[in-house]
Amino acid sequence: TQPRPVPVVLDHDGGVDDLVALALLLANPSKVELVGVIVLDADCYVNDAYRVSGKLTSTVRRAAAAKRGVHIKPFPILKSTLSHGGHPFPHEWRVDAKKMDDLPSLNVPKWTTGWEADIPTVPNTDANTPGEEAFAQLFLQSPEPISLCVTGPLTNVAYCLKTHGAAFADKVKEVVIMGGAVDVEGNVFLEGPDVKEPGMLAAEWNIYWDAVSAKAVIESPLLKGKVRLFSLDATNHVPVTSAVCQEFGKYNDSLIAQFIGSSWAMCTHLELGGYGKGYYAWDVLTAAHVVDSGLVEFEPNVPITVEIDPTKRSEGQTRRDLTGAHGVDVAMKIDAERFYMMTYEAAQFV
Ligand code: AGV
Ligand code: CA
């Protein structure tokens, strides 16, 4: 008999790959039961990414019921009110969710009309409850531990730990995080008048955006043994190339293939270099682990410390710290072929 699908919450920040990660989770209802999604105003403008999350969810849910007789339970989609002014993501990246909101595959009337009404609220919360608190309540009110997949900065999770402590942490089965760069270069390339020094920084963007929250989560004693880190060490193995993108043309009769293919097509120009230096399936790989835990081998219990000193050039760096009390599991060996195949399979779901 099939094992029961694992309950999963996705905490994302509306980048192209965050939303492709949501598509991957939605397309695997026999493995994953999404019980909630929260959107953070980091690598997006939160209202755009909220709309994309809602329309994508309604599209896959309604099409799965109509075409496959598969019933995906509705789940809350929340907007975090938290922000962090320090290091905003570049505007050119943050507008990607707005472009995705206009994709034809997300605007098929029968799949999206009235999508807002498909979204339930979290029990015991109302319209005045901030999204991050409703997110905490998803865990507190759950009868069983939930797998938490975080594909943006760790701001919401740090809020939950700070506000609810062990009551929250006890309901977390594992926290699977896209973030950091352990043995490889970071990806925060900043130049300009407001930057300390031009050139490469040591940090990865999700950690850099809110290093204090990242430190609180990655070094949390309450989450000991539960943190799995998908740093650039792993995600560097899954570039989004034109060849990968064009493969989705084979499945163009499917809505999810159209959605992923056209979303990736907005990113492949970064192969050419310049600012940003390539696009990767960072968050999709991270989500793929909760669908199929056989995809990745971890280096277990790596003691990691997060640099939070804003006067240092290495702010946001995640480095090995041999004096650390306990470590996190860091994804190191990736079966990239198997990963890409998973995305092509998901593309054909509806
Ligand atoms: O550092 C990777 C994280 C992932 O969560 N994000 C993008 C992914 O959603 C920030 C980022 C780094 N480089 C980027 C990013 C780029 N070239 N475009 C957009 N976002
Ligand atoms: Ca992201």
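Predicted model only: the values in this text are computed from it and were never measured.

1. Side note on the overall build of the chain
Of the regular secondary structure elements, the chain holds 14 helices and 12 strands. The C-alpha radius of gyration of the chain comes to 19 Å, within 12% of the 20 Å expected for a compact globule of 350 residues. Overall size of the chain, expressed as C-alpha extent along the three principal axes, is 55 × 45 × 40 Å. By residue count, 59% of the 350 residues in the chain fall in the buried class. Accessible area for the chain stands at about 14300 Å²; split by element, carbon and sulfur atoms hold 53% of it. The average position of the 30 basic charges and that of the 44 acidic charges among the side chains of the chain differ by 5 Å.

2. What about helix α7 (residues 155-169)?
Spanning 15 residues, α7 covers only 15 Å between terminal C-alpha atoms, well under the ideal 21 Å at 1.5 Å per step. Thr163 marks the point of greatest bend in α7, at about 95°. Those residues of α7 that sit buried are Thr155, Asn156, Val157, Ala158, Cys160, Leu161, Gly165, Phe168 and Ala169.

3. With respect to the confidence of the model for the chain
Taken as a whole, the chain shows an average pLDDT of 94; of its residues, 95% reach a score of 70 or greater. When the elements of the chain are averaged for pLDDT, strand β7 (residues 199-200) gives the smallest value, 60, and helix α1 (residues 16-26) the largest, 99.

4. Points about helix α9 (residues 211-218)
Among all positions of α9, only Ala211, Ser213, Ala214, Val217 and Ile218 are buried. All buried residues of α9 project into a common sector of 160° when viewed along the axis, lining one side. In this structure, the buried residues of α9 make contact with α7, β5 (172-178), α8 (205-209), β8 (227-230), β10 (304-306) and β12 (328-334).

5. Here's the deal with the side chain of Glu174
Tracing the chain through its elements places Glu174 in strand β5. For Glu174, the side chain forms a polar contact with the side chain of Arg228, separated by 2.8 Å. Not counting the four nearest positions on each side in its chain, Glu174 is found in contact with Ile146, Ser147, Leu148, Lys226, Arg228, His289 and Val290.

6. Side note on the side chain of Asn28
Its location among the elements puts Asn28 in the loop between α1 and β2 (32-39). Its relative accessible area of 16% is what places Asn28 among the buried residues. Engagement of the side chain of Asn28 in a polar contact is seen with the backbone oxygen of Leu24, the distance being 2.8 Å. Excluding anything up to four places from it in sequence, Asn28 contacts Val291 and Ala346.

7. Let's talk about the site of ligand 1
The immediate surroundings of ligand 1 are formed by 15 residues, with Asp17, Asp43, Asn187, Glu204 and Asp283 found nearest. In this structure, Asp18 approaches ligand 1 through a side-chain N or O atom, which is 3.0 Å from an oxygen atom. In the model, an oxygen atom of ligand 1 is placed 2.7 Å from a nitrogen or oxygen of the Asp283 side chain. In the complex, the protein chains occlude 98% of the 420 Å² of accessible area that ligand 1 would expose alone. When contributions to the shell around ligand 1 are tallied by element, the ones reaching two or more residues are α1, α8 and α13 (282-291). Class assignment of the residues belonging to the shell around ligand 1 gives a composition of 7 nonpolar, 3 polar and 5 charged.

8. Description of the nonpolar core
Generally speaking, nonpolar side chains in soluble globular proteins are found buried as a group. By size, the foremost hydrophobic cluster in this structure holds 79 residues, and its most contacted members are Leu25, Leu34, Phe259, Trp264 and Phe339. If you tally residues by element for this core, the top one is α1, at 9 residues. Not counting chain neighbours up to four residues away, the residues in contact with Trp264 comprise Val16, Asp17, Val20, Val240, Cys245, Phe248, Tyr279, Ala281 and Val284.

9. Focus on unusual backbone geometry
Of all residues except glycine, most have a negative phi; of all peptide bonds, most are trans. Positive phi values are uncommon outside glycine, yet Asn124 reaches one of about 65°. Structurally, Asn124 can be placed in the loop between α5 (109-112) and α6 (131-140). Phi angles above zero are rare outside glycine, and Asn301 is one such case at about 55°. When you line up the elements, Asn301 lands in strand β9 (residues 296-302).

10. Looking at the pairing of β12
With 5 of 7 residues buried, β12 lies mostly within the body of the structure. Alignment of β8 against β12, held across 2 bridges, turns out to be parallel. Residue pairing across strands places Arg228 opposite Asp329, the latter belonging to β12. Judged from the 5 bridges that link them, β9 and β12 form a sheet pairing that is antiparallel. From the neighbouring strand, Glu299 faces β12, where its bridge partner is Val330.

11. Digging into the packing of aromatic side chains
A complete count under the given rule lists 15 aromatic pairs for this structure. Through a chain of ring-to-ring contacts, three or more aromatic side chains come together here, namely Phe89, Trp93, Trp205, Tyr208 and Trp209. In this arrangement the basic side chain of Lys79 is found over the ring face of Tyr50, its NZ or CZ atom lying 4.8 Å from the centre.

12. What to know about the environment of Val290
Here Val290 is to be found in helix α13. Val290 sits in the buried class, given a relative accessible area of 8%. Along the sequence, Val290 and Cys44 sit 246 residues apart, while their C-alpha atoms lie 24 Å from each other. Those residues in contact with Val290 that sit more than four places away from it in its chain are Val6, Val8, Leu25, Val32, Glu174 and Val176.

Calculation rules
- Residues numbered from 1 in each chain as written.
- Chains lettered and ligands numbered in written order.
- Predicted model: local features only at pLDDT ≥ 70, side-chain atom pairs only at ≥ 80, totals over all residues.
- Heavy atoms only, no water.
- Helix = DSSP H or I, 4+ residues; strand = E, 2+ residues; numbered from the N terminus.
- Rg over C-alpha atoms; globule rule 2.2 N^0.38 Å.
- Buried < 20%, exposed > 50% of the residue type's maximum accessible area, 1.4 Å probe, protein only.
- Areas by Shrake-Rupley, 256 points an atom, 1.4 Å probe, with all protein chains shown as cover.
- Lys, Arg positive; Asp, Glu negative; His and termini not counted.
- Charge placed at Lys NZ, Arg CZ, Asp CG, Glu CD.
- Expected span 1.5 Å × (residues − 1).
- Bend = angle between axes of the 7 residues up to and from the residue.
- pLDDT = per-residue confidence, 0-100.
- Arc of directions from axis to C-beta.
- Contact = heavy atoms within 4.5 Å.
- Polar contact = N/O pair within 3.5 Å; in protein donor to acceptor, adjacent residues only side chain to side chain.
- Near = heavy atom within 4 Å.
- Nonpolar A, V, L, I, M, F, W, Y, C, P; charged D, E, K, R; others polar.
- Core = buried A, V, L, I, M, F, W, Y, C linked by side-chain atoms within 4.5 Å.
- Pairing = 2+ DSSP bridges.
- Phe/Tyr/Trp six-rings, centres within 6.5 Å; stacked < 30°, edge-to-face > 60°.
- Lys NZ or Arg CZ within 6 Å of the ring centre and 35° of its normal.

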